[in-house]
Amino acid sequence: MAARAIASGTISFGLVSVPVKLYTATRSQSLSFNLLHDADKSRLRQQYVCATCGEVVERSAMVKGYEYAKDQYAVLTDQELKALEQQTDQSIEIEEFVPIKEVDPVYFEKAYLLGPDKGGQKAYRLLCEAMAKAGRGALGRFSTRGKQQLVLLRFAQGGLMLHALFHADEVASFAEIDRGEGATLKPGEIDLAIQLIEQLGSDAFEPEKYTDEYRTRALELIERKVAGQEVVLASAQAPRAQIIDLMDALKASLEAKQKPAAAAAAGGSSRRPPQAKGRVVARASVAKAK
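On a predicted model such as this, the values are computed, not experimentally measured, just so you know.

Colleague: With reference to specific residues and values, describe the pairing of strand 11 (residues 159–165).
Modeller: Counting buried positions over the seven residues of strand 11 gives seven, a clear majority of the element. In this sheet, strand 11 lies alongside strand 8 (residues 108–116) in antiparallel orientation, the contact comprising six bridges. Opposite Ala 111, over in strand 11, you have His 163 as the bridge partner. Two strands pair when backbone bridges link them, and strand 10 (residues 147–156) and strand 11 are joined in this way by six bridges, in the antiparallel orientation. Bridge pairing in strand 11 links Leu 153 to Leu 162. Turn length for the strand 10-strand 11 hairpin, with the two strands adjacent in sequence and antiparallel, is two residues, and the turn residue Gln 157 shows positive phi of about 55°.

Written out as structure tokens, the structure is:
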């Protein structure tokens, strides 16, 4: 099924305009649960209750207020809020091109995919290739829904990706957070830590290797519930023993990684390392408990 655009707009820089379409780049797979009445399993309806009189307030009787001091509010009417909105023309005005490696990922709020709209294929490809070779991203403002959003355009996966950005005053810093500068590292601890990093290292970022284990287990549990099966939960795993000494922890981590590799080399590729075998047994015991 072809992707459906959620909006269309125009990228503008200098005298160049690129008509584009906007597509969602991510979709949450998080599970959501509804609140039900325990007695009859009917869905509950959300209501707003006045904190002063305790009465249920209908939406027609609600106004919007900004709390400027404790329990003190400045009330704004719908007309006043409407007047604050800017002209919405779905334009993406590029203000400057910056080295993409200089943009801290902490500023990324949400991602979208940009594709060329009718008649914009050549200008779109030109911008893609130029940004890719220059190694720069484009900072600009996206006018939509009456507001302006700070955005970054970058070349990715052969096309242009748009990232909605937080503003600088929305991003926290370490200014008032202890970063452990007063700690003294023992000789050799950094070298051991680097060895562990190298052993756990990969040459590429492959997010498809990782799955949401909670969601998988939850969906399996839901399927069994729907099928009317009796569910017996397995006991929780015992917590790991804490190693207080950092050097001991690093050495133990390195040994744990080296043992399976050594066993696999000695026993041949057809034999499972002891660690992998233990995992299979653990899963089997849990399945039996269910």
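Colleague: Before we move on, could you go through the nonpolar core and cite the residues and values that matter?
Modeller: Counting 19 residues, the largest nonpolar core has Ile 11, Ile 92, Leu 114, Leu 153, Leu 160 and Leu 162 as its most contacted members. When residues of this core are traced back to their parent elements, those giving at least two are strand 1 (7–13), strand 2 (16–24), strand 7 (91–99), strand 8, helix 2 (121–134), strand 9 (136–144), strand 10 and strand 11. Among the elements that take part in this core, helix 2 stands out by supplying four residues, more than any other. If we skip the residues at most four places from it in the chain, Leu 162 touches Ile 92, Lys 110, Ala 111, Tyr 112, Leu 114, Val 151, Leu 152 and Leu 153. Membership of the second largest hydrophobic core comes to five residues, among which are Val 103, Leu 150, Leu 152 and Leu 165.

Colleague: How would you sum up the sheet that holds strand 2? Please name residues and give values.
Modeller: Pairing in this closed barrel of seven strands is mixed, and the strands run 1-2-8-11-10-9-7 around the ring. Each adjacent strand pair in this sheet contributes to an overall mean axis angle of 40°, direction not counted. With seven bridges connecting them, strand 7 and strand 9 associate as antiparallel partners. Its bridge partner being in strand 9, Glu 93 is matched across the sheet by Arg 141.

Colleague: Which residues make up the pattern of salt bridges, and what are the values?
Modeller: Taken as a whole and judged by the stated rule, the model has seven salt bridges. Note that Glu 129 is salt-bridged to Arg 125, the shortest N-O span being 2.8 Å. Residue Glu 129 and its partner Arg 125 are both found in helix 2; the two are separated by four residues, about one turn of the helix. Since its relative accessible area comes to 38%, Glu 129 is described here as partly exposed. When its relative accessible area of 34% is taken as the criterion, Arg 125 is described as partly exposed. Among the ionic pairs, Asp 212 bridges to Arg 215, the shortest N-O distance being 3.7 Å. With relative accessibility at 33%, the residue Asp 212 sits in the partly exposed group.

What counts, and at which threshold
Residues numbered from 1 in each chain as written. Predicted model: local features only at pLDDT ≥ 70, side-chain atom pairs only at ≥ 80, totals over all residues. Heavy atoms only, no water. Buried < 20%, exposed > 50% of the residue type's maximum accessible area, 1.4 Å probe, protein only. Helix = DSSP H or I, 4+ residues; strand = E, 2+ residues; numbered from the N terminus. Pairing = 2+ DSSP bridges. Core = buried A, V, L, I, M, F, W, Y, C linked by side-chain atoms within 4.5 Å. Contact = heavy atoms within 4.5 Å. Axes fitted to C-alpha atoms, helices over the stretch in contact; angles between N-to-C directions. Salt bridge = Lys/Arg side-chain N within 4 Å of Asp/Glu carboxyl O.

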